[in-house]
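Working through the structure, step by step
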Amino acid sequence: MADDMLMLNLSSDSAPAFHTKSYQRPTSQEKWALKKAQKRKYSEIQKGLPNKGFNGPKTKDQHPPEDKEEEEDVPAHKSPVRKPAPKDAANALSPETPKPAQRSQAQPKTTPKSKHEGEHKGGEDSVFIKTSSLFRNNPDIPDVHRPAVTQLMEKVFTSDSFAELDLHPHLVATLTKVLNVTTMTSVQKETIPVLLSGRDAVVRSQTGSGKTLAYGIPLVQSLQAVEPKIKRGDGPLAVIVVPTRELAQQSFHIFQKLLKPFTWIVPGVLMGGEKRKAEKARLRKGINILITTPGRLVDHIKNTLSIAFSAVRWLILDEADRILDLGFEKDLTVILNSLNATGPPRQNVLLSATLTDGLSRLAGISMKEPVSIHVGENSEGINEPTLDHFAVPERLQQHMVVVPSKLRLVCLAAFILSKCKFEKGHKIIVFVSSCEAVEFLLILFNAVLSGPKAKQQPPLSFLRLHGNMKQEERTEVFQEFSLCRTGILLCTDVAARGLDMPQVTWIVQYNPPTTPAEYVHRVGRTARIGAKGSSLLFLTPAETTYVTSLANHNISLSEMKMETILSALMLDDRFKVRGKYDGKKSSGALEQEVRERATVLQTEFESVVHNDDDSVQAAKRALQSFLRAYTAYPSNMKHIFHIKALHLGHAAKSFGLRDAPQGLVTVPAKGSNKDKGQAKGKRPLKKLSTEERVAILTRSEYASGMDGDFAAKKKKKKNTQANGEEGSVE
Ligand SMILES: Nc1ncnc2c1ncn2[C@@H]1O[C@H](COP(=O)(O)OP(=O)(O)OP(=O)(O)O)[C@@H](O)[C@H]1O
């Protein structure tokens, strides 16, 4: 999520604490694993091998191996030598910031410099590695209650061909030759005749069932038949609103293909991140099928004189429930007011895999007796009337795993290794709750799982996609991941809706989504159009009732065991502690060895994070953004996801931090530069209602990528008006 909505003041005084008292000592095996990792790291450095990690000099908390000291898993507030850290994550979001003077007093206490500095002499190249016990002090993993669920089934394909419809022969030929489709999917069979008859429609069918062509085909059929022939100069006859830039691009490419035989109809796309001047020029020339993200369309409605809606006959809201959502409410009102002010009678179409009747009635789109098309039916073949029950693809295998916070990072890494290193042909999307966490994981995984030490040829390929990236990069990544056969995409919910990336085999939800609908869309990036696919949802022991919440929407998950996932580390000799596993050991010994290897991996992550101050700060930012996102669960989910239930120290561990950082706050330090820009009109997150928070987070994630920076726009507008350019934002 965009950083700018919060005012952060991440204190940098996070020198790892050295506890003088043990809270609970690691087991001898864990010590062994630690020693092994330390020894290896030390000898690597002695040999002059490059240190793994982010660039930058070694920090002063690197000490010779003889100085090593196992970091105990002492809850922050039990440390006898430092200023008490917040007991829980909720406190970490408290706006109380230690005053600089207080901080400097606290500093010597947190790092017993004198002791280590002495021993550090002559140890320029040496390293001190600490890791806390990963397998101690974790909450018990409860038995997960999985209520019986009748999964809704939707038949994807029919045996009916497009040729049976009353379509222009060139359109049918294009479907066959250019788009390689001959028989209709269920949603297409039900929707195309309705739309060809001129009716409004509310369409719901599972993800990856062909909804784009379900509205695209009748739209093109109807526009190509308009007499006299449509001219560019007629302007938009159809407006298609989608929530993200990538989806806008994807839909635009489909229309380019569909319109091949009808060259006089011009499609065009408007979206944030593109040059407005170029878009305005295209609008002036004429776009007949306008595909757009809401924010950018509003931008043009307000600022582009050449945009006119007098000819609009179609309004299509793809991913309609997202567009009607809190975050886009205002934009949609502006769009509808503008469309309603002028033009002929309009055909309105709303589509989504998770559209509920209530929502479509709320739309305020003055639909004329819309036809409800719901492809879903239950296993008895009866149409399901309760519309907050969602269908997921039949060949999607859904799993969940319960992982204590401290083990989340190693468990995710082990899962990725198991699929992408030890099995072949996997293409994975990992959903994470914030842009900062995506950035952080990308750097960390590239350093540890994919770096030269991984000795993997070709190396694991990690990509990332989120709303804070530049548009060119977003487009590049989207295309690259769409085309690649294997790889891992780390992303936020910006990639959750509508994107059709072929051959994705696994969807991992590292952070659970805020609504069951978002769950459905995320997992829907795999198992599309009748293909197989799998998904894995990470939950902490405190979050397992989420399974019941999903069951209430007819979503059923099977459980995967964390130990099974971690056991993939046995295949990777990089993490071995006591030599090659011979496969004849007892299950107890195996379990122990898996734990040791997990500890070695965590140690690697922590040493990368603590390699320099920049990376520590990146980890803290990621942690902070994770905590912030955690506050955004709606009130009906707070019994499952409550910030107060998080253990800050354990959460910090999942970001490779050895300690719970202090001073994570939501208001700026007085006098900071950020303060000046952000204090205006922006309140600390903590003071917002949950509804407002959800709206901001949703909007910031989706909109950060699509409607540009309104402040910048306003400023520019002022400048250009001063320069005599009427109404221009360019
Ligand atoms: N009749 C068809 N036969 C074969 N493939 C089809 C057919 N119609 C669409 N497809 C393909 O199915 C895939 C999914 O289509 P589409 O993206 O329109 O699904 P969707 O229902 O809109 O999914 P989501 O709900 O995730 O947005 C696309 O690759 C598309 O080319």
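Residues numbered from 1 in each chain as written. Predicted model: local features only at pLDDT ≥ 70, side-chain atom pairs only at ≥ 80, totals over all residues. Heavy atoms only, no water.

Quick look at the overall build of the protein now. When helices and strands are tallied, the protein shows 25 helices and 16 strands. The long-range share in the protein, meaning contacts at least 24 apart out of those at least 6 apart in sequence, stands at 80%. Summing over all exposed atoms, the protein offers an accessible surface of approximately 29900 Å²; the carbon and sulfur share of this is 52%. (Helix = DSSP H or I, 4+ residues; strand = E, 2+ residues; numbered from the N terminus. Contact = heavy atoms within 4.5 Å. Areas by Shrake-Rupley, 256 points an atom, 1.4 Å probe, with all protein chains shown as cover.)

A word on the UniProt feature "short sequence motif: Q motif" (unreviewed entry) in the protein. Within this structure's numbering, the places UniProt gives as "short sequence motif: Q motif" (unreviewed entry) are residues 160–189. Secondary structure across residues 160–189 comprises 43% helix and 17% strand; the distance between its end C-alpha atoms is 8 Å. (UniProt positions renumbered as here; feature names shortened; annotations may be inferred.)

Let us now look at the environment of Leu657. Secondary-structure assignment places Leu657 in the loop between helix H22 (648–653) and helix H23 (673–679). Between the C-alpha atom of Leu657 and that of Gln617, which follows or precedes it by 40 residues, the distance is 9.9 Å. The contacts of Leu657, once residues within four sequence positions are left out, are Val609, His610, Val616, Ala619, Lys620, Leu623 and Ala652.

With that settled, the discussion passes to the domain arrangement of the protein. What the domain assignment lists for the protein is domain 1 (156–374) and domain 2 (392–577 + 589–609). Centre-to-centre separation of domain 1 and domain 2, based on C-alpha positions: 33 Å. Taken together, the contact pairs 24 residues of domain 1 with 23 residues of domain 2. Overall, the association of domain 1 and domain 2 removes approximately 1800 Å² of surface from exposure, summing both partners, and the carbon and sulfur fraction of that is 53%. (Domains from an automatic or database assignment. Buried area = accessible area lost by both parts, 1.4 Å probe.)

One open sheet holds the seven strands; their spatial order is S12-S13-S11-S14-S15-S10-S16, and the pairing between them is parallel. Pairing within the sheet leaves two strands with one partner each, and these edge strands are strand S12 (462–465) and strand S16 (558–560). Going across the sheet, the axis of each strand differs from the next one's by a mean of 25°, ignoring polarity. Where S12 meets strand S13 (residues 487–491), four bridges bridge the pair, whose relative direction is parallel. Along S13, the bridge assignment pairs Leu465 with Cys491. Its contacts with the sheet place helix H16 (residues 471–483) against strand S11 (427–431), S12 and S13, and it is angled at close to 130° to S12. (Pairing = 2+ DSSP bridges. Axes fitted to C-alpha atoms, helices over the stretch in contact; angles between N-to-C directions.)

Below, the discussion takes up the sheet that holds strand S4 (residues 238–241). Sheets are built from strands paired through backbone hydrogen bonds, the pairs being either parallel or antiparallel. Spatial strand order, S5-S6-S4-S7-S8-S3-S9: seven strands in an open sheet with parallel pairing. Looking along the sheet, the strands with just one partner apiece sit at the ends: strand S5 (267–270) and strand S9 (371–374). With direction set aside, neighbouring strand axes in the sheet form an average angle of 15°. Relative to strand S6 (residues 289–292), S4 is paired through four bridges, and the arrangement is parallel. Within S6, the position partnered with Val241 by the bridge is Thr292. Against the sheet, helix H10 (residues 294–303) touches S4, S5 and S6, its axis set at about 120° to S6.

Below, the discussion takes up the pairing of S4. Side chains Ala238 and Ile240 project from S4 onto one buried face, and the interleaved Val239 and Val241 project onto a second face that is buried too. In this sheet, strand S7 (residues 314–318) lies alongside S4 in parallel orientation, the contact comprising four bridges. Note on S7: the bridge partner recorded for Ala238 is Trp314. (Buried < 20%, exposed > 50% of the residue type's maximum accessible area, 1.4 Å probe, protein only.)

Another point: the pattern of salt bridges. Evaluation of the coordinates by the stated rule reveals 24 salt bridges. With a closest N to O distance of 2.7 Å, Arg522 and Asp493 form a salt bridge. With Arg522 in helix H17 (residues 516–523) and Asp493 in the loop between S13 and strand S14 (506–509), this residue pair connects regions lying 29 residues apart in the sequence. On the accessibility criterion, Arg522 (2% relative accessible area) is buried. Where Glu559 meets Lys561, a salt bridge forms, and the shortest distance between an N and an O atom there is 3.4 Å. (Salt bridge = Lys/Arg side-chain N within 4 Å of Asp/Glu carboxyl O.)

For the rest of this paragraph, the subject is a negative patch on the surface. On the surface, a cluster of negative charge is contributed by Glu274, Glu472, Glu476 and Glu480. The residue Glu476 is located in helix H16 in this model. By relative accessible area, Glu476 is classed as exposed at 53%. (Patch = residues over 30% accessible without salt bridge, like charges linked within 9 Å, V, L, I, M, F, W, Y side chains within 5 Å. Lys, Arg positive; Asp, Glu negative; His and termini not counted. Charge placed at Lys NZ, Arg CZ, Asp CG, Glu CD.)

It is worth spelling out the packing of aromatic side chains at this point. Within the structure shown, the criterion is met by 13 aromatic pairs. With 5.8 Å between their ring centres and 45° between their planes, Phe440 and Phe655 make a pair best called tilted. Here Phe440, found in helix H15 (residues 435–448), pairs with Phe655, found in the loop between H22 and H23; they are 215 residues apart in sequence, far enough to count as distant. With respect to class, Phe440 is no different from Phe655; both count as buried. Considering the side-chain rings of Tyr546 and Phe641, the 5.2 Å spacing of their centres and the 70° angle between planes classify their relative orientation as edge-to-face. (Phe/Tyr/Trp six-rings, centres within 6.5 Å; stacked < 30°, edge-to-face > 60°.)

Turning our attention to the nonpolar core. In terms of nonpolar packing, the biggest core is built from 89 residues, with Val430, Phe445, Leu449 and Phe605 touching the most fellow members. It is helix H14 (residues 408–420) that provides the largest number of residues to this core, a total of 10 residues. Leu247, Ala248, Ile254 and Ile316 belong to the second largest nonpolar core, which has 65 residues in total. (Core = buried A, V, L, I, M, F, W, Y, C linked by side-chain atoms within 4.5 Å.)

The next thing to look at is the site of the ligand. As a matter of local geometry, the ligand sits amid 20 residues, with Thr183, Gly208, Lys211, Thr212 and Asp500 nearest to it. A distance of 3.1 Å separates an oxygen atom of the ligand from a polar atom in the side chain of Glu319. Here the ligand, which alone exposes 650 Å², has 86% of that area covered by the protein. Looking at the shell around the ligand, the elements that each hand over two or more residues are strand S2 (183–185) and helix H7 (211–224). For the shell around the ligand, the leading source of residues is H7, giving three residues. A per-class count over the shell around the ligand returns five nonpolar, 10 polar and five charged. Here the shell around the ligand spans two domains, and each of domain 1 (156–374) and domain 2 (392–577 + 589–609) adds at least three residues to it. (Near = heavy atom within 4 Å. Polar contact = N/O pair within 3.5 Å; in protein donor to acceptor, adjacent residues only side chain to side chain. Nonpolar A, V, L, I, M, F, W, Y, C, P; charged D, E, K, R; others polar.)

The next point concerns unusual backbone geometry. With an omega of -15°, the peptide bond between Glu227 and Pro228 qualifies as cis. The backbone of Gln503 sits at a positive phi, close to 60°, despite the residue not being glycine. Take Gln503: it is sitting in the loop between S13 and S14.

Mapped onto the elements of the fold, Gln206 is located in the loop between strand S3 (201–204) and H7. Excluding residues that lie within four positions of it along the chain, Gln206 makes contacts with Glu154, Val156, Lys211, Ala353, Ala391, Val392, Pro393 and Glu394.

The subject of this paragraph is helix H21 (residues 613–630). The terminal C-alpha atoms of H21 lie 25 Å apart, and with 18 residues this matches the ideal 26 Å at 1.5 Å per residue to within 8%. Burial within H21 is extensive, with 15 of its 18 residues counted as buried. Two to three positions downstream of the cap, the backbone nitrogen of Asp614 sits 3.0 Å from a side-chain oxygen, assigning the N-cap of H21 to Asp612. (Expected span 1.5 Å × (residues − 1).)

Another point: H15. For H15, spanning 14 residues, the distance from its first C-alpha to its last is 20 Å, which sits close to the expected 20 Å at 1.5 Å a residue. The element H15 is extensively covered by neighbouring structure, given that 11 of its 14 residues are classed as buried. Of the residues making up H15, those classed as buried are Cys435, Glu436, Ala437, Val438, Phe440, Leu441, Leu442, Leu444, Phe445, Ala447 and Val448.

What follows deals with the side chain of Gln509. Position of Gln509 relative to the elements: it lies in strand S14. Exposure remark for Gln509: the relative accessible area of 1% places this residue in the buried category. Polar side-chain contacts of Gln509 include one of 2.9 Å to the side chain of Arg522. Discounting residues that sit within four places of it in the chain, Gln509 has contacts with Phe431, Tyr519, Arg522, Val523, Leu536, Leu537 and Phe538.

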